[in-house]
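# Coordinates in review
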Amino acid sequence: MVTTTTKTAAVEPRPSAAPAGPRTRAPRWKRVQRTLQYALMVLLGLFCLVPFTWVALTALDADGGPTVGLPTLTLDNFVRFFTDGDTPRLFLNSVLVSFSATALNLACGVFGAYGLSRYRFRGRTTFMFAILLIRVIPPPATIVALYLLMVKMHLDDSYLGLILVEAAAALPITLWLLKGTIDAVPFELEEAAWLDGNTRFGAIRRVVLPLVGPGLGAAAMLTFMAVWGDFLTPLVLLQSPDLYPLSIGLFRSFTAFNQVDWGVLAASAVVYMAPPAVLYIFLRRHLMRSSLGGALKG
């Protein structure tokens with residue numbers, strides 16, 4: 001009888017390989033990269049905050065100047081802004097033109113976007129892209145032709161002509177934005193409203209408009225910002241200083257007679273920034289939520 005014996009050899013653990021050279025430098029390079037990213041963000045933040053800091057401090061400084069410094073706190077600059085004969089009129093001109101152009105833009109945009117969303121006709125897609133092509137053309141390229149057109153229509157140097165131009169300039173973006181919003185509204189909701197005795201316009205007012213609140217809020221905000229901050233169009237179309245908006249008033253006060261009242265200029269800039277901020281706060285709830293989900297429940 002042959003017996004075989006097996007020997008188990010002890011397996012010795014292999015020594016771990018030494019880490020390669022590039023792997024040891026990887027964490028250090030990541031730290032350097034992260035440090036550079038943070039430094040770049042801090043520089044960009046300072047680049048954005050320094051102008052606002054100068055405006056805020058100079059507006060509250062009794063001896064405001066072109067440099068940033070600790071202010072001697074006072075509200076005299078704002079008092080002079082609202083008591084001066086020119087600056088309140090410039091502010092009211094901007095408010096009148098901006099709100100009127102925004103209202104006209106939304107009225108035309110709602111019905112135009114509804115027609116583009118609900119009706120199918122030949123060339124609809126081409127027409128939509130042709131509308132968007134208007135925004136591709138730089139405004140300075142067409143401002144001379146636009147001015148000549150307003151002169152032929154006797155609408156130059158008037159509120160009406162400026163409001164029509166501003167509303168029409170922002171209309172392509174409004175149409176595209178509202179069309180996509182109306183596309184998301186189920187057509188069955190309108191049909192149900194028709195069965196309840198509503199007309200088409202009644203269904204738009206009672207069904208479509210409440211459900212496109214976010215789109216209307218976004219369109220109103222974009223249009224108001226574009227009109228409020230526009231400088232070139234009123235500069236070309238208006239010749240009477242009594243009709244100038246605040247954007248031109250700021251430019252004229254900065255370049256008039258080489259003498260700048262820095263305090264009033266900074267206060268004007270603060271007041272100039274206030275209406276868009278207030279409008280954003282007011283429309284924020286329309287921009288952040290949609291009521292479409294609640295309409296489809298049940």
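Details of the structure are given in the entry above.
Definitions and limits used
Residues numbered from 1 in each chain as written. Predicted model: local features only at pLDDT ≥ 70, side-chain atom pairs only at ≥ 80, totals over all residues. Heavy atoms only, no water. Patch = residues over 30% accessible without salt bridge, like charges linked within 9 Å, V, L, I, M, F, W, Y side chains within 5 Å. Areas by Shrake-Rupley, 256 points an atom, 1.4 Å probe, with all protein chains shown as cover. Salt bridge = Lys/Arg side-chain N within 4 Å of Asp/Glu carboxyl O. Helix = DSSP H or I, 4+ residues; strand = E, 2+ residues; numbered from the N terminus. Expected span 1.5 Å × (residues − 1). Buried < 20%, exposed > 50% of the residue type's maximum accessible area, 1.4 Å probe, protein only. 1 Å grid on protein atoms, 1.4 Å probe; cavity = no way out; pocket = protein on both sides within 12 Å on 5 of 7 lines; lining within 4 Å. Points joined across faces, edges and corners; volume = space filled by probe spheres on them. Core = buried A, V, L, I, M, F, W, Y, C linked by side-chain atoms within 4.5 Å. Contact = heavy atoms within 4.5 Å. Nonpolar A, V, L, I, M, F, W, Y, C, P; charged D, E, K, R; others polar.

Here we come to a nonpolar patch on the surface. Together, Val-42, Leu-43, Leu-46, Val-50 and Val-68 make up a nonpolar patch on the protein surface, roughly 450 Å² of accessible area in all. Mapped onto the elements of the fold, Val-42 is located in helix 1 (residues 21–59).

Below, the discussion takes up helix 9 (residues 213–228). Every α-helix winds through 3.6 residues per turn, so residues three or four apart in the chain are directed the same way. Along its 16 residues, helix 9 runs 22 Å from first to last C-alpha, staying within 8% of the 22 Å computed at 1.5 Å per residue. By the criterion of burial, helix 9 is predominantly enclosed, with 12 of the 16 residues buried.

With that settled, consider empty space enclosed by the protein. By the definition in use, this model includes 1 cavity of 30 Å³ or more. As for the largest cavity, its lining consists of Ser-94, Val-97, Ser-98, Leu-162, Glu-166, Val-227, Trp-228, Asp-230, Pro-234, Pro-245 and Ser-247. Residue assignment for the lining of the largest cavity shows that the elements contributing at least two residues are helix 3 (87–118), helix 6 (159–183) and helix 9. Element by element, the count of residues in the lining of the largest cavity is highest for helix 3, at 3 residues.

It is worth spelling out the pattern of salt bridges at this point. Any two side chains of opposite charge can pair if their charged atoms end up close together. For the coordinates displayed, the defined rule picks out 4 salt bridges. The closest approach of N and O atoms between Asp-86 and Arg-89, which form a salt bridge, is 3.0 Å. Put simply, Glu-190 and Arg-118 hold a salt bridge, and the shortest N to O gap is 2.7 Å. Placement of Glu-190 in helix 7 (residues 187–195) and of Arg-118 in helix 3 is noted, with a sequence separation of 72 residues between them. By relative accessible area, Glu-190 is classed as buried at 0%. Overall, the relative accessible area of 18% leaves Arg-118 in the buried class.

We now examine the nonpolar core. Of all hydrophobic cores here, the largest spans 53 residues; its most connected members are Phe-91, Leu-178, Ile-182, Val-208, Val-212, Leu-216 and Leu-246. Looking at this core, the elements with two or more residues in it are helix 1, helix 2 (76–83), helix 3, helix 6, helix 8 (200–211), helix 9, helix 11 (246–255) and helix 12 (262–288). Apart from residues no more than four positions distant in its own chain, Val-212 is found in contact with Thr-181, Ile-182 and Val-185.

The computed volume of the largest pocket comes to approximately 620 Å³. Along the wall of the largest pocket there are 24 residues; nearest its centre are Arg-135, Pro-139, Val-165, Ala-169 and Ala-170. When contributions to the lining of the largest pocket are tallied by element, the ones reaching two or more residues are helix 4 (124–136), helix 5 (139–152), helix 6, helix 9 and helix 10 (232–237). Ranked by residues supplied to the lining of the largest pocket, first place goes to helix 6 with 8 residues. Volume-wise, the second largest pocket comes out at about 490 Å³. Lining the second largest pocket are 21 residues, and of these Asp-84, Asp-86, Thr-87, Gly-249 and Ser-253 lie nearest its centre. Among the elements that make up the lining of the second largest pocket, the one with the highest residue count is helix 11 (5 residues). For the lining of the second largest pocket, the class distribution of residues is 11 nonpolar, 5 polar and 5 charged.

Such coordinate-based values are descriptive only and should not be taken to indicate function.
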